[in-house]
Amino acid sequence: MIPPLSALQAFEAVARRRSFSLAAHELHLTPSAISHQLAKLESLLGVRLFERSSRGVDLTPAGHSYLQRVGNALGAISTATEDLRHGVQDTLYLHCSPSFASLWLMPRIPRFAQRHPAISLVLSASHVHSDFQLGLVDLDIRYGLPTWPHLEVEPIFSEKVMPLASPEFIRRHALHTPRDLLQVPLIQSMINVAQWPEWFARFEPEHRPERMALKFDRAMMSLDAAVQSLGVALESASLGQAHIASGRLQPVFGDEMSLEVQGHFLVYPARHAARPEVKMFLEWIREEARPAGPR
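A short tour of the structure in this document, coming up. Because the structure is predicted, anything quoted here is derived from the model rather than measured. (Residues numbered from 1 in each chain as written. Predicted model: local features only at pLDDT ≥ 70, side-chain atom pairs only at ≥ 80, totals over all residues. Heavy atoms only, no water.)

### Concerning the overall build of the protein
Counting its secondary structure elements, the protein contains 11 helices and 13 strands. In terms of overall dimensions, the protein has C-alpha extents of about 70 × 50 × 25 Å along its principal axes. For the protein, with 295 residues in total, the buried portion stands at 45%. If you sum the accessible surface of the protein, you get close to 15400 Å²; carbon and sulfur atoms cover 55% of it. Taking the average location of the 29 positive side-chain charges in the protein and that of its 30 negative ones, the two points are 3 Å from each other. (Helix = DSSP H or I, 4+ residues; strand = E, 2+ residues; numbered from the N terminus. Buried < 20%, exposed > 50% of the residue type's maximum accessible area, 1.4 Å probe, protein only. Areas by Shrake-Rupley, 256 points an atom, 1.4 Å probe, with all protein chains shown as cover. Lys, Arg positive; Asp, Glu negative; His and termini not counted. Charge placed at Lys NZ, Arg CZ, Asp CG, Glu CD.)

Written as structure tokens, this is what we have:
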């Protein structure tokens, strides 16, 4: 008797994450669906696999024993799937954070396609990081703090995070000094590695904004709100490059009032670097990310 693969995947994800909600997030299911899968598995096996408490989820001794065997089996299936899939040459499976994909990567993809017309690019975008154990992704472009052990992690570039607003908004509110920003709506990108309090601590240390007028969980939405003259966004000039070049946005101050950060990273298992498609993409994106100059 072999349990359904979906139930085994749910079991492995909950065991690894120690959380129904995180496992559901990873597998793109609801927590109730995960709970249903585990209840079905426990009923089928006739044993309890987890102890649920106010502190979270813990494996029972039987669950620990089962995880060791099931985890190895799922790993073998993943490896076999990955090896078989990569028997099909010239396909690159890329996952990317949404704002970077839309604002920075997509405008440059035509150059990659022109240089490597034989490579079929499969691109997906979400804020959930890829699980390389599933064998479905070659390369991940992640945003955040680089705390991903056992993986190759390479910063794409250094970014200048600065106040950005529409020219009309800057004129209307006569923005000349950091203190002037305390009188206008501020737009906060909630997952940004650089936040408004940090910016004010650097450039206007005696004052702090009392609140944010608008909050978003995507840089693209923060930039769009600034384009619509809804306030001042603290965002990466690299991601806002197209808006700045078109004149829809402009830095409120100069580069000297920016925070320099590394927030976007190429992430992949070391073994993937030997694949020709991955190697060619890495070479291309490193070239694209170099400081602007003659092409």
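Let's pick the thread back up.
### Some points on the side chain of Ser229
Within the secondary structure, Ser229 is located in the loop between α9 (219–227) and β10 (232–236). A distance of 2.7 Å separates a polar atom in the side chain of Ser229 from a polar atom in the side chain of Ser166. Residues within four places of Ser229 in sequence aside, it is in contact with Ser166, Glu168, Phe169 and Arg172. (Polar contact = N/O pair within 3.5 Å; in protein donor to acceptor, adjacent residues only side chain to side chain. Contact = heavy atoms within 4.5 Å.)

### Overview of unusual backbone geometry
Even without a glycine there, the phi angle at Ala174 is positive, about 50°. Tracing the backbone shows Ala174 in the loop between α7 (167–173) and β8 (186–189). Non-glycine residue Ser229 carries a positive phi angle of around 60°.

### A word on the pattern of salt bridges
Close approach of charged atoms allows side chains of opposite charge to pair. Throughout the structure, instances matching the rule amount to 12 salt bridges. Put simply, Arg108 and Glu288 hold a salt bridge, and the shortest N to O gap is 3.5 Å. Here the residue Arg108 occupies a position in the loop between α5 (98–105) and α6 (109–115), and Glu288 occupies one in helix α11 (residues 276–289), the gap between them amounting to 180 residues. By the burial criterion, Arg108 is buried, and Glu288 matches it. With its nearest N and O atoms 3.5 Å apart, the salt bridge here joins Asp217 to Arg218. Residue classification places Arg218 among the buried residues on the basis of a relative accessible area of 18%. One network of salt bridges, with partners in common, ties together Arg108, Arg111 and Glu288. (Salt bridge = Lys/Arg side-chain N within 4 Å of Asp/Glu carboxyl O.)

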